[in-house]
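Tertiary structure, described
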Amino acid sequence: ATVLLIFEGGSKPAATKTNHASQQPKMKTFSAGFPGTKACPSEPLQILNYSLSEGSTHGVLHHLFVVGQPGWVSGLWIEYYLDGDAEPTVKYQASRMCGQYFPERAAPSDVYNAGGLCGTNSADQTGWFNNFPIPFYQSARVLVRPANTSHCGWGWYTIRGTENLPLTLPGSSLPIPSGARLKVYSREWEIAKPLDLVPLFAAPAGTSGLVMQVSMGIRTNCVGGSAAGGGYIEGCARFFSDSDEANEGNVVGTGFEDLFDSSFYFGEDAPLHKPLFYAAASSGLTHFERTDDGLERLSAYRFFSSMDPMAFEDGGSLVWMVGTGTPGPNKCDFPSKKRRDGDDSGRAIYSTAADAALLLGYGRVAGRELTAVNVSTYAWVYEWANQ
């Protein structure tokens, strides 16, 4: 590097070389590949076992590509054991990590690229890539494990990282402090009742962080048939930027699709009555399907970057409500904590006659019944201890 020293009086600038080698450890990329290798649910395959070089401060895993049989590879679990952790520090399924919750029902030609960070560019969803920056500070072991309900299979795997790579929030220049970890909050398919509060993530007090990405999958029986849609779509999302129980939170989505930067039921309520699929750097709709048996299935993802960061300190959470009990301008009012009757599960409990009357009186939203939904979620959050 060259430093220009400017002197007064019109003298020429002098060039002075500065040696930064002693100030910052050098970057060094490492990689591993396994072509045509077998993995089983009871016998996972280790695709990386790496320790940092002497003098390195940290490493960043920043690329994974998995290839395998249709369906089998989409459900593949990827497990990261970082810095000696006995349990996976980071664990996710290949398709859901980028918001596709129904790969088995996707068309063979369905491909998408979420801002270069994750997705599938392969026919029949036979290959999935992930470029999420995952930091570690001593060592990294990575295993691939087929789903328990699956079978042994042959796959092709590539994984890559770099020592001492500066860590920033993807899609931004926002720095991630040393010691931060990337945490995955996931929820397997669970039934959520009308007006339940569904937490996508909840970071404990004493931690600060930045949310990188959230995704959700919905599967529900729509009263009146799938074409009628479901009242859950009116549910708002609130972000809590700290763990203070008095914090009422900030509205970040005035309806389910609003959280994912879409409108009018992802296009089904627009004049053409067709879903609009999209895969942008910030958000995307990966699946939308209505079948004759009354089922509706959809999934979507949302990234947060320098243009739209989601930061918290001393704990934080993101919560979605199944529908709403107060249509109109006040539809995003969440029930107060006092009305949860001491329940700490994150769900809203309605036990009074007034609550029951509210539900019965509300009934339909835009001609839709407010009913239970089957929901699955992922949230990727960088977290670090408060300084």
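Our subject in this report is the structure included herewith. (Residues numbered from 1 in each chain as written. Predicted model: local features only at pLDDT ≥ 70, side-chain atom pairs only at ≥ 80, totals over all residues. Heavy atoms only, no water.)

1. Re the environment of Glu79
Worth spelling out the cut-off: Labels follow the DSSP assignment, with helices taken as runs of H or I lasting at least four residues and strands as runs of E lasting at least two, numbered in each case from the N terminus. Only protein chains enter the accessibility calculation, which uses a 1.4 Å probe; a residue whose area is less than 20% of its type maximum is buried, one above 50% is exposed, and one in between is partly exposed. Any two residues having at least one pair of non-hydrogen atoms within 4.5 Å are treated as being in contact. In protein, a polar contact requires one atom able to donate a hydrogen and another able to accept it; more generally it is a pair of N or O atoms within 3.5 Å, and residues adjacent in sequence count only if both atoms are side-chain atoms.
With respect to the element layout, Glu79 can be found in strand β6 (residues 77-82). With relative accessibility at 3%, the residue Glu79 sits in the buried group. Remark: the alpha-carbon pair of Glu79 and Thr89, spanning 10 residues in sequence, is separated by 7.6 Å. Once residues lying within four places of it in the same chain are set aside, the contact partners of Glu79 are Pro88, Val90, Lys91, Arg141, Val142, Leu143 and Arg145. A distance of 3.1 Å separates a polar atom in the side chain of Glu79 from a polar atom in the side chain of Tyr81.

2. Some points on the pattern of salt bridges
We apply this condition: Salt bridge, as applied in this entry: a Lys or Arg side-chain nitrogen positioned within 4 Å of an Asp or Glu carboxyl oxygen.
Within the structure shown, the criterion is met by 14 salt bridges. Asp83 is the salt-bridge partner of Arg181, the closest N and O atoms lying 3.4 Å from each other. With a gap of 98 residues between them, Arg181 in strand β14 (residues 181-192) and Asp83 in the loop between β6 and β7 (90-93) connect regions that are remote in the sequence. Residue class for Arg181 comes out partly exposed when judged on its relative accessible area of 28%. Accessibility expressed as a relative area gives 16% for Asp83, which makes it buried. Here Arg302 ties to Asp261 by a salt bridge, and the two come within 3.4 Å at their closest N and O atoms.

3. Things to note about the state of the cysteines
The condition that has to hold: Note on terminology: disulfide denotes any pair of cysteine sulfur atoms within 2.5 Å.
For the structure on display, the rule yields three disulfides. Each sulfur in the disulfide pair Cys40 and Cys152 lies 2.0 Å from the other. Between Cys40 and Cys152 the disulfide shows an S-S torsion of about 115 degrees. By sign, it is right-handed. In this pair, Cys40 is assigned in the loop between β3 (28-39) and β4 (45-51) and Cys152 in the loop between β12 (139-145) and β13 (153-163), connecting sequence segments 112 residues apart. By relative accessible area, Cys152 is classed as partly exposed at 35%. Each bonded cysteine in the protein chain gets a number by its place in the sequence, and the pairs come out as 1-4, 2-3, 5-6.

4. Describing the packing of aromatic side chains
Heads up, the condition is: Pairs were defined over the aromatic rings of Phe, Tyr and Trp, the Trp ring being its six-membered one, requiring ring centres within 6.5 Å. Orientation was assigned from the angle between planes: stacked under 30 degrees, edge-to-face over 60, tilted for the rest.
Applying the stated rule across the entire model yields 21 aromatic pairs. A ring pair is formed by Phe30 and Tyr50, whose centres lie 3.8 Å apart and whose planes are at 10 degrees; its orientation type is stacked. Here Phe30, found in strand β3, pairs with Tyr50, found in strand β4; they are 20 residues apart in sequence, far enough to count as distant. Of the residues examined, Tyr50 reaches a relative accessible area of 14% and is grouped as buried. Note on Phe256 and Trp320: the rings are 5.4 Å apart at their centroids and 75 degrees apart in plane angle, and the pair reads as edge-to-face. One end of the pair, Phe256, is in the loop between β18 (250-253) and β19 (278-279); the other, Trp320, is in strand β23 (residues 316-321), with 64 residues separating them in the sequence. An aromatic cluster is present here, built from Tyr80, Tyr92, Tyr112, Trp128, Phe132, Tyr301, Phe303 and Trp380 joined pairwise through their rings.

From the geometry alone we can't say anything about function, so treat these as descriptive.
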